Amino acid sequence: MKSADRWLLPEGVEEVLPPQALKLETLRRDILDLYQSWGYELVVTPLIEYLDSLLVGSSHDLDLHTFKLTDQMSGRMMGLRADITPQVARIDARNMHRNGPARLCYADSVVHTRPRGLLTSRVPIRIGAELFGSASVSADVELIVLMSRTLSQAGIGPQHIVLGHVGLFRGLVAAAELEAEQEAELFDAVQRKAFADIDIWLDEQVENINLARMLKGLCRLSGDITVLDEAEQVLAHAPPQVRQALDELRKTAEAVQKRLPDHSLGFDLSELRGYQYHTGTVFAAYTPGYGRAVAKGGRYDEIGQAYGRARPASGFDADLKILARLSSLEVRRPASILAPDEDDAALQTMVEDLRRQGEVVITHLDEGEADAALLKELSCDRRIVAAPEGGWQLVTI
Ligand SMILES: N[C@@H](Cc1c[nH]c[nH+]1)C(=O)O
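Here the structure is a predicted model, which means the values were calculated and not measured.

*Asks:* I would appreciate a short explanation of the overall build of the protein chain in the present structure.
*Replies:* For the protein chain, the count of helices and strands is 15 helices and 16 strands. Each of the three principal axes of the protein chain carries a C-alpha extent, and together these read 95 × 55 × 45 Å. Scored against the burial criterion, the 397 residues of the protein chain give a buried share of 47%. Contacts spanning at least 24 positions in sequence make up 69% of the contacts within the protein chain whose residues lie at least 6 apart. When the accessible surface of the protein chain is totalled, it reaches about 20400 Å², and 52% of it is carbon and sulfur. Counting 43 positive and 59 negative side-chain charges, the protein chain places the averaged centre of each group 2 Å from the other.

As structure tokens, then:
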């Protein structure tokens, strides 16, 4: 190994340096304060835990993204968390003992075996909120609005919010009585939005022509709110659970539009991003200049069952590193004060007082006067000097 290669970081693994790290931390604090003001309580979940508990009830996709290693103490397999949502669902099911809704939030690193997308980190910092114990449309609306406020807090806009409902596809697939393997094939084509493939596949595999027609129509339903009217027609004779899903989606859309009147709303009725774990309304936020969802989430009512207590659940998360990258907020290191390295009680008191008032005071450790280059490097605009009449004074540089 060449010595230059020794310091090379693995692909998708990066350091965050000043001033970006300050921006990231500022956003983390502000967003967690926002969640607290909405009643979401902070939880901290372990970075590493036994694989079987980490992956309980989770998708094949999450399994693929999870780094695995052997625990030297127990000999059991452990995994590095690739998502925090299932851990928080477990906390709600096993530890919280709440009868009413539980609102929880988090901000922590996750690790991925491979990046989720082009230019995506393998060590994102997930920040998110989850609400357990309410199956209402209002709970989804609360989370969609909070997701949007998260982006606003980070100085990200304009925002485009896209809604979908996995119950539409699921309900039609259930009615068509597809085998798991067939469902996976169709799912794959739908995710790729390969319309020609979908049509051929449905003609060959689904005998009920009405269901095949509805599935073909559903895959093409994306765009603005008029999509919901089209869906009414395409799905007019769909099974009751599909009609109910459409009804929920419309109610959610109307309430979100009222709460966020200046946001553009879009619909993608075959959005299946989190199909393996989402069960109802799904939502994502987009912003110009970033090709993927900046924040995403949805309803996942069944996950708690794996932990012994099924509760309705809904939530969203975002990668704080991406939020910091897209943020228009200016977060700068504050100007600082340079203090001499003198063992003098009056000087030390003055320094402590200034720090308590929120000033940044840096001790000048080197021999001799600080030159202009050093002052610039330390971002100093003032310094403490000996006053002619004794004691210390602050002077502007
Ligand atoms: N953790 C989910 C998003 C989500 C959060 N809460 C509910 N859903 C994902 O990675 O897609």
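*Asks:* Would you mind showing me how to read the sheet that holds strand β4 (residues 77-80) here?
*Replies:* Within a sheet, adjacent strands bond to each other through the backbone by hydrogen bonds, running parallel or antiparallel. Across the sheet, which stays open at both edges, the three strands sit in the order β2-β4-β3 with antiparallel pairing between neighbours. The outermost strands of the open sheet, each flanked by one partner alone, are β2 (48-50) and β3 (68-70). Ignoring which end each strand starts from, the neighbouring axes of this sheet average 35 degrees apart.

*Asks:* I keep staring at the pairing of strand β14 (residues 360-364) and nothing clicks. Help me out?
*Replies:* Residues in a regular strand point their side chains to alternate faces of the sheet. Two elements, strand β13 (residues 336-340) and β14, share five bridges in a ladder whose sense is parallel. Following the sheet pairing, Ala339 is matched in β14 by Thr363.

*Asks:* What's the story with the layout of surface pockets in this structure? I'm lost.
*Replies:* Over the atoms rolls a probe the size of a water molecule, and in doing so it shows where empty space is left. Here the largest pocket is characterised by a volume of approximately 830 Å³. Counting residues per element, the ones that place at least two in the lining of the largest pocket are α4 (60-65), β6 (125-132), α8 (180-191), β11 (290-299) and β12 (313-319). By residue number, the principal contributor to the lining of the largest pocket is β11, which donates nine residues. Its residues assigned to classes, the lining of the largest pocket comprises 16 nonpolar, 14 polar and 11 charged. By volume, the second largest pocket is sized at about 310 Å³. Along its surface, the second largest pocket is lined by 19 residues, and His165, Glu248, Thr279, Gly280 and Asp301 are the ones closest to its centre. When residues of the lining of the second largest pocket are traced back to their parent elements, those giving at least two are α6 (137-153), α7 (166-175) and α12 (240-259).

*Asks:* Quick question: what am I supposed to make of the sheet that holds strand β9 (residues 264-268) here?
*Replies:* Sheet architecture is open: nine strands sit in the order β1-β5-β6-β12-β11-β10-β7-β9-β8, paired in mixed fashion. Every interior strand has two partners, whereas the edge strands, β1 (41-42) and β8 (222-223), have only one. Here strand β10 (residues 281-287) pairs with β11 via five bridges, running antiparallel. Note on β11: the bridge partner recorded for Ala285 is Ala295.

*Asks:* Would you mind showing me how to read the packing of α7 against helix α10 (residues 209-219) here?
*Replies:* If you want to describe how two helices pack, look at the angle between their axes and the distance between the axes. At a closest axis distance of 10 Å, the pairing of α7 and α10 adopts a crossing angle of 160 degrees. When the axes of α7 and α10 are compared, the pair comes out roughly antiparallel. For the pair α7 and α10, the crossing hand works out as left-handed. Of the residues in α10, those in contact with Leu168, Phe169, Leu172 and Ala175 of α7 are Leu211, Met214, Leu215 and Leu218. Among the residues making up the contact of α7 with α10, the classes are represented as eight nonpolar, no polar and no charged.

*Asks:* Honestly, the site of the ligand in this entry has me stumped. Any pointers?
*Replies:* The immediate surroundings of the ligand are formed by 13 residues, with Thr85, Glu130, Tyr277, His278 and Asp317 found nearest. Phe316 places a polar main-chain atom, nitrogen or oxygen, 3.3 Å from a nitrogen atom of the ligand. One nitrogen or oxygen atom from the side chain of Asp317 is found 2.7 Å from a nitrogen atom belonging to the ligand. In the complex, the protein chains occlude 95% of the 300 Å² of accessible area that the ligand would expose alone. Given that more than half its atoms are within 2 Å of the pocket grid, the ligand belongs to the largest pocket. Within the residue set of the shell around the ligand, elements represented by two or more residues are β6, β11 and β12.

*Asks:* Explanation requested: the nonpolar core in the structure shown.
*Replies:* In terms of nonpolar packing, the biggest core is built from 76 residues, with Tyr35, Leu186, Leu235, Leu269 and Leu323 touching the most fellow members. In terms of residue count, the dominant contributor to this core is α6 (eight residues). Ignoring anything within four residues of it in the chain, the contact list for Leu269 reads His165, Leu168, Leu218, Leu221, Val227, Leu228, Ala231, Leu246 and Leu249. By size, the runner-up hydrophobic cluster in this structure holds 17 residues, among which are Val43, Ile91, Phe132 and Tyr300.

*Asks:* Teacher, can you tell me more about the pattern of salt bridges here?
*Replies:* Side-chain pairs of opposite charge can arise whenever the charged atoms involved come near each other. By the definition in use, this model includes 31 salt bridges. A salt bridge links Arg29 to Glu25, with the nearest nitrogen and oxygen atoms 2.9 Å apart. Residue Arg29 and its partner Glu25 are located together in helix α2 (residues 20-37), separated by four residues, close to a single helical turn. Between Asp61 and Arg116 there is a salt bridge, with its nearest N and O atoms 3.4 Å apart. Of the two residues, Asp61 sits in helix α4 while Arg116 sits in the loop between β5 (102-109) and β6, which places them 55 residues apart along the sequence. Judged by relative accessible area, Asp61 falls into the partly exposed class, the value being 32%. What you see here is one network of salt bridges that share partners, running through Asp83, Arg126, Lys296 and Asp317.

Conventions adopted
- Residues numbered from 1 in each chain as written.
- Predicted model: local features only at pLDDT ≥ 70, side-chain atom pairs only at ≥ 80, totals over all residues.
- Heavy atoms only, no water.
- Helix = DSSP H or I, 4+ residues; strand = E, 2+ residues; numbered from the N terminus.
- Buried < 20%, exposed > 50% of the residue type's maximum accessible area, 1.4 Å probe, protein only.
- Contact = heavy atoms within 4.5 Å.
- Areas by Shrake-Rupley, 256 points an atom, 1.4 Å probe, with all protein chains shown as cover.
- Lys, Arg positive; Asp, Glu negative; His and termini not counted.
- Charge placed at Lys NZ, Arg CZ, Asp CG, Glu CD.
- Pairing = 2+ DSSP bridges.
- Axes fitted to C-alpha atoms, helices over the stretch in contact; angles between N-to-C directions.
- 1 Å grid on protein atoms, 1.4 Å probe; cavity = no way out; pocket = protein on both sides within 12 Å on 5 of 7 lines; lining within 4 Å.
- Points joined across faces, edges and corners; volume = space filled by probe spheres on them.
- Nonpolar A, V, L, I, M, F, W, Y, C, P; charged D, E, K, R; others polar.
- Parallel < 35°, antiparallel > 145°, perpendicular 65-115°, else oblique.
- Left-handed = near helix turned anticlockwise from the far one by under 90°.
- Near = heavy atom within 4 Å.
- Polar contact = N/O pair within 3.5 Å; in protein donor to acceptor, adjacent residues only side chain to side chain.
- Sits in = over half its atoms within 2 Å of the grid points.
- Core = buried A, V, L, I, M, F, W, Y, C linked by side-chain atoms within 4.5 Å.
- Salt bridge = Lys/Arg side-chain N within 4 Å of Asp/Glu carboxyl O.

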